[in-house]
Amino acid sequence: MTEMTLDPRQLGTGGLFAAAQPDLASHEAAYGKRPSGWSRNALLAELDASGLTGRGGAGFPAWRKLAATSAGRAVVIANGAEGEPVSRKDAALLRQAPHLVLDGLVTVGEAIGASTLFLYATADSLPFVAQALAERRDRPKVKLVEAPEAFISGEASAVVNALETGIALPRDKPLRLGKSGYEGRPTLLHNVETLAHLALVARFGADWFRSAGTADDPGTRLYSLSGDVPTEWVVEAPGGATIREVLRLGGVDASSLAAVLVGGFHGAWVPAEGFDLPLTGRGLARYGATPGAGVLMALARGRCGLEASAGIVRYLAESSARQCGPCMFGLPAMASVVERIAAGERTPWLASEAERLAGLVTGRGACRHPDGSARFVHSTLAVFRDEVQTHLSGMCTAHRGWTH
Amino acid sequence: MNEVFWAFGRASGIVSLGLFTLVVVLGIVSRSGRPLPGLPRFSVALLHRSTSLLALVFLVLHVSTLMLDPHAKLSPPNVIVPFTAGWNPFWVGLGTVAFDLVIALVVTGLLRQRIGQRTFRAIHWAAYAMWPFAFAHALGSGTNAVDLWFQAYAWGCAAVVACLIIWRLSANFIETSRARLGRI
Amino acid sequence: MDALSRAQLELHIDFARCDGRGLCTELLPELLVRDDWGYPVGRGGRDVRVPEPLATAAQDAVDLCPLQALMLRRVTRA
C-alpha cells in the first residue's frame, strides 16, 4: 500500500489516519470512543456549522443531503466504490481506518433512525471492513456488498441498483434518493471519506473541523496522486491547499509537471500556471475544475497532453454502460475525434467537432457519465488549446520531429 | 338465413386476414422508426393501433356469425379452446389459436402503460406467431380455398408479410442504423 | 402566486429506455430535435421545460412513445 500518514499536529486536526493500526484499540486510542445519541437535528446543525461537503465527487454539503432524507425506514449507504482506476483514497481509508468510516455510518444511521446500513466497496476492501465489524462492541448491523471494479459502479443510482438487484448499472431516477432510493425507501448515500469526516465532526465538533482548511473549504481532504509521479501516494491535505502543496506532501516536484488532471476522469486539467491556486471549486473556476473525488493525475513536462487525454476519453467511452443512446454512441464518436486530433490528423474541423459532440451528450443520460466525459473533453481542448492547433497542422511539440 | 351467416362469416374472415396483414405491416414499419410517404411516425403508430382494433371487430364478427351458423356449430368453449370444434377441428383450431393470441395482443396493447414496457414487449412478439396461424387457418378451413382469387389474395398477403419480415431482419432496417454503426 | 401556478411542466426523458424512434420529435418540434443517432435533444438535457400551450402535444408524445421513455410532470424548481 502507498498511503502516507501525516503527522496530525502538522494538520492541526486528528486527521483521518491518526490511528497507528486499523484495529479498534488503536482507533479508540487515537480518537476516543464514538459518541452516541446524536439526534437528527443536532447532527444537522453541527454538519451545517462544520461546512463538510461530500468527498465522492459532487461535493454536495453533507447537512443538505441529511436534510433531504425523509424520515421513516431510512437506509444509509457508505459508498467506497471509487471506480476510477487512478483513485485509491477510499480503498486506503477502508484499509487503514475502517472504524472511522463505520463510526460515521453508525452515527448518521442512529441520527435518522435508519433501519438498514450498507457498506458498498470493492472485493479488495471488504475483508478489512468485515474484520473491523467483527471486533466492534456496538455490533452494528452493516450489510457489506461487493462493488464490481468498473468505472460507473460507484454512481449513486448504480449503487442502489447493485444493492437491490446485484447489477451495478445506473438507472434513470426521476425521484431523489432522499425521497425514494433503495427499495423506494428514503436513502442517504455518502462517500466513505465523507462518513469518516462526519465521525470526527460528531466527536470533536464543527469548530474543531474548521480548524483545518479554509473558510471556503474547511477540514481536510484525501488526494490520490497518480500519473507522472515517483510514487502513487494517497495524501491528506487541508482544504484550500494548492496543487503545488498537495504534490509536495506526496513528494512530487510540481515544476516537473506540465499539467495535473484534477478531480478524476470526469474532472478537468489544470496547467502549471494554476498550481498555486487553492484546490477548490472557486479557486479553480477558470479551469472548471473541482477537487471532486480527490484525484490528482500528473502529466510531466514534455509529454503530450492530447495523447494522454485521448486515452482517457477512449476509456470513458468504453466505460459506458451502453444503456443510454447518446452515451453509447456519442462517447465513442467523441473519443474517435479526440484520437484523430492526438494522432495529428490535419483536419481543421476536428476540434469544433469534438466540442459539438461534448455539448451534444451533456445532460443526456440516466447518470452523469456523459456529462463528466464531456467536461473532460471541453477541458482538454481548452487547456491544451495551443497543442491542438499544433496537432491540427500535423505536428506535436512533445514528439520533436514528429510531423505528418 | 343460414346461408347469410355462412357467407358473412367467410367474408368477415377474409377481411380480417387482410386487415391483420396491414396491422403487421404497420407494426413493422413502426418498429423501423421510419415515416411513410405523407404519414409521420406517430401517424403510423396510431394507424397501427386503430387498424388492429378494426381487424379485431371483423374477427369478432367472423367468430360470432360462425357461432350462430348451424353448419359450423361453434360453441363458446370452441372459440377459446383450440382444436375442440366439431367441424374441421384442426384447421378451425388454428384460427382459435390466432384468436387467443389476438385477444392477448389487444389487451396488453390497451394496458401498455399499466403493465409496463417489458411485459408488453414480451407478449407483443406473439404477433409474429399470430399471423401464420391466421393464414394457415384461412387456407385450411376457408371454403373458398379452392378459388383462384382467394388463393391469389391469401398468398399475396403472405408475400407482403414475408417481404416485411425479410426487411425487418436486414441490417439497415432501423432508420438510424447507419449512423449508429458509425457510418455518418 | 400559489405553488401550482409556479410549478413548471417538464418532460423527463429516460434515456435508458429511449431508442430514438423519433415520434416525440415529430410531436414536439418546438422543443425537441434529433441528434446524430436519432435520439431527442431538448434544452435542459433529460428534463425539458414544456410551455403550457404545448402541454397537450407533450402528453401525446408521452402516450405514443413506443418505449414509454417519457414522463410529463410538474416540478417546482427553487
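- The name given to chain B in an unreviewed UniProt entry is Iron reductase, and the organism recorded there is Sinomonas humi.
- In its Subcellular location (unreviewed entry) section, UniProt records this for chain B: "Membrane".

**Some thoughts on the pairing of strand β5 (residues 220-227) of chain A**
Residues and elements named next belong to chain A.
Line of reasoning, step 1. By the criterion of burial, β5 is predominantly enclosed, with seven of the eight residues buried.
Line of reasoning, step 2. Inspection of the sheet shows β5 paired to strand β6 (residues 234-238) by five bridges, in the antiparallel sense. Bridge pairing in β6 places Arg221 opposite Ala237.
Line of reasoning, step 3. Between β5 and the antiparallel strand that follows it, β6, lie six residues.
Line of reasoning, step 4. Looking at chain direction, β5 and strand β9 (residues 295-300) are connected through four bridges and run parallel. When the sheet's bridge partners are listed, Ser226 is paired in β9 with Met297.

**A few points about the UniProt feature "domain: Ferric oxidoreductase" (unreviewed entry) in chain B**
Line of reasoning, step 1. Here, the residues flagged by UniProt with the feature "domain: Ferric oxidoreductase" (unreviewed entry) are residues 12-133 of chain B.
Line of reasoning, step 2. Split by type, residues 12-133 of chain B is 78% helix and 0% strand. Its first and last C-alpha atoms lie 17 Å apart.

**Section: the domain arrangement of chain A**
Residues and elements named next belong to chain A.
Line of reasoning, step 1. For chain A, the assigned domains are domain 1 (11-210), domain 2 (220-300) and domain 3 (305-392).
Line of reasoning, step 2. Taken together, the contacts link 20 residues of domain 1 with 21 residues of domain 2.
Line of reasoning, step 3. Carbon and sulfur atoms supply 60% of the area that domain 1 and domain 2 bury against each other, a total of about 1,700 Å² over both sides.
Line of reasoning, step 4. One can count one salt bridge joining domain 1 with domain 2.
Line of reasoning, step 5. One salt bridge in this structure joins Arg88 and Glu232, with 3.9 Å as the shortest N-O distance.
Line of reasoning, step 6. Between domain 1 and domain 2 we count nine residue pairs in polar contact (both at pLDDT 80 or more) in total.
Line of reasoning, step 7. Contributions of two or more residues to the side of domain 1 that touches domain 2 are made by α5 (89-96) and α9 (192-204).
Line of reasoning, step 8. Counting residues per element, the side of domain 1 that touches domain 2 draws most heavily on α5, which supplies three residues.
Line of reasoning, step 9. Its residues assigned to classes, the side of domain 1 that touches domain 2 shows eight nonpolar, seven polar and five charged.

Basis of the calculations
Residues numbered from 1 in each chain as written. Chains lettered and ligands numbered in written order. Predicted model: local features only at pLDDT ≥ 70, side-chain atom pairs only at ≥ 80, totals over all residues. Heavy atoms only, no water. UniProt positions renumbered as here; feature names shortened; annotations may be inferred. Buried < 20%, exposed > 50% of the residue type's maximum accessible area, 1.4 Å probe, protein only. Helix = DSSP H or I, 4+ residues; strand = E, 2+ residues; numbered from the N terminus. Pairing = 2+ DSSP bridges. Domains from an automatic or database assignment. Contact = heavy atoms within 4.5 Å. Buried area = accessible area lost by both parts, 1.4 Å probe. Salt bridge = Lys/Arg side-chain N within 4 Å of Asp/Glu carboxyl O. Polar contact = N/O pair within 3.5 Å; in protein donor to acceptor, adjacent residues only side chain to side chain. Nonpolar A, V, L, I, M, F, W, Y, C, P; charged D, E, K, R; others polar.

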